[in-house]
Amino acid sequence: MKHYIIDGNNLIGKIPSINSKQAKNKQAAREALAFLLERFFALKKTSVTLHFDGYESTPIKVSGIKIVYSLRREADQLIKSQIEKSANRKNIILVTSDNNLVEFGRVCSCQVIRSEEFAVGLFSEKNQDDEEARIKTMNDIEEFKKLFNAKNKTL
């Protein structure tokens, strides 16, 4: 399974709508990014670790995403450590534009996606079309009956 390791602060800086929140309210920017990623990865068979510098103020409750705070260290150090400890580094997709991390990821055989490219993908038309298709599927009662084994029951 592919595992995304995301440099959260770096990605926030590449998304203007979220970056503008950061100066006023760091927690709101972190939450906005976490919720955006939660929607993006909702039906994808991947695991995701989102790294932030500093301390957790209020827990962010999202499903399918592990959030790691660096505390007194730099998030870059924790990201490197996570990559080093990985059993299969070729399954890691590192999302960052930090040149030091980009180089480290490449040396470790990780796939690297620059944050600005990943940010564009988060808002791409294809991603929006996929979401609309999922919504249409969810409106199909027969599909729900199959999912929940409710053959003769009415919903």
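Rules behind the numbers
Residues numbered from 1 in each chain as written. Predicted model: local features only at pLDDT ≥ 70, side-chain atom pairs only at ≥ 80, totals over all residues. Heavy atoms only, no water. Helix = DSSP H or I, 4+ residues; strand = E, 2+ residues; numbered from the N terminus. Buried < 20%, exposed > 50% of the residue type's maximum accessible area, 1.4 Å probe, protein only. Contact = heavy atoms within 4.5 Å. Axes fitted to C-alpha atoms, helices over the stretch in contact; angles between N-to-C directions. Left-handed = near helix turned anticlockwise from the far one by under 90°. Phe/Tyr/Trp six-rings, centres within 6.5 Å; stacked < 30°, edge-to-face > 60°. Lys NZ or Arg CZ within 6 Å of the ring centre and 35° of its normal. Pairing = 2+ DSSP bridges. Right-handed = clockwise from strand over helix to strand, strands pointing away. Salt bridge = Lys/Arg side-chain N within 4 Å of Asp/Glu carboxyl O. Expected span 1.5 Å × (residues − 1). Polar contact = N/O pair within 3.5 Å; in protein donor to acceptor, adjacent residues only side chain to side chain.

Enquirer: Which residues make up the overall build of the protein chain, and what are the values?
Expert: Counting its regular elements, the protein chain contains 8 helices and 5 strands. Each helix and strand of the protein chain, placed in order from N terminus to C terminus, yields the pattern β-α-α-α-β-β-α-β-α-β-α-α-α. Taking all 155 residues of the protein chain together, the buried fraction comes to 40%. Contacts spanning at least 24 positions in sequence make up 51% of the contacts within the protein chain whose residues lie at least 6 apart.

Enquirer: A description of the environment of Gly-105 should follow, citing residues and the corresponding values.
Expert: Among the structural elements, Gly-105 can be located in helix H5 (residues 99-107). A residue is classified by how much of its surface remains accessible, and Gly-105, at 0% relative accessible area, is buried. With residues up to four places along the chain from it excluded, the contact list for Gly-105 reads Leu-94, Cys-110 and Val-112.

Enquirer: Explain the packing of helix H3 (residues 26-40) against helix H6 (residues 115-122) residue by residue, including any values.
Expert: Angle between the axes and distance between the axes: these two values describe a pair of packed helices. Between H3 and H6, whose axes approach to 11 Å, the crossing angle comes to 65°. Pair H3 / H6 crosses with left-handed handedness. Listed contacts from H6 to Leu-36, Leu-37 and Phe-40 of H3 are Phe-118, Gly-121 and Leu-122.

Enquirer: Could you give me a rundown of the packing of aromatic side chains, with the residues and numbers involved?
Expert: Applying the stated criterion across every chain yields a total of 6 aromatic pairs. Geometrically, the ring pair formed by Tyr-4 and Phe-118 is tilted, given 6.1 Å between the ring centres and 50° between the ring planes. Of this pair, Tyr-4 sits in strand E1 (residues 2-7) while Phe-118 sits in helix H6; the two residues are 114 residues apart in sequence, bridging distant segments of the chain. For the pair formed by Tyr-4 and Phe-118, the shared burial category is buried. Pairing Phe-40 with Phe-118 gives two aromatic rings, centres 5.6 Å apart and planes at 75°, and the pair type is edge-to-face. Here Phe-40 is found in helix H3, whereas its partner Phe-118 is found in helix H6, with 78 residues between them in sequence. Take Phe-118: its relative accessible area is 6%, and that puts it in the buried class. Sitting above the plane of the Phe-40 ring, Lys-44 keeps its charged end 4.1 Å from the centroid.

Enquirer: Lay out the pairing of strand E4 (residues 92-95) with the relevant residues and their values.
Expert: Burial along E4 is two-sided: the face carrying Ile-92 and Leu-94 and the face carrying Ile-93 and Val-95 are both buried. Summarising the sheet, E4 and strand E5 (residues 111-113) pair through 3 bridges and their orientation is parallel. Residue pairing for E5: Ile-93 is matched across the bridge by Gln-111. With respect to chirality, the unit in which E4 leads through H5 into the neighbouring parallel E5 is right-handed.

Enquirer: Explain the pattern of salt bridges to me, and be specific about the residues and the numbers.
Expert: By the definition in use, this model includes 1 salt bridge. The residue Lys-14 makes a salt bridge to Glu-116 at a minimum N-O spacing of 3.8 Å. Of this pair, Lys-14 sits in the loop between helix H1 (8-12) and helix H2 (16-22) while Glu-116 sits in helix H6; the two residues are 102 residues apart in sequence, bridging distant segments of the chain. Classification of Glu-116 by relative accessible area gives partly exposed; the value is 35%.

Enquirer: Can you break down H3 residue by residue, with the values?
Expert: Here H3 spans 21 Å end to end across 15 residues, near enough to the 21 Å set by a 1.5 Å rise per residue. Here H3 has its buried residues at Gln-27, Ala-29, Arg-30, Ala-32, Leu-33, Ala-34, Leu-36, Leu-37 and Phe-40. For H3, the side-chain oxygen to backbone nitrogen distance between the N-cap and Gln-27 is 3.1 Å, and the N-cap itself is Asn-25.

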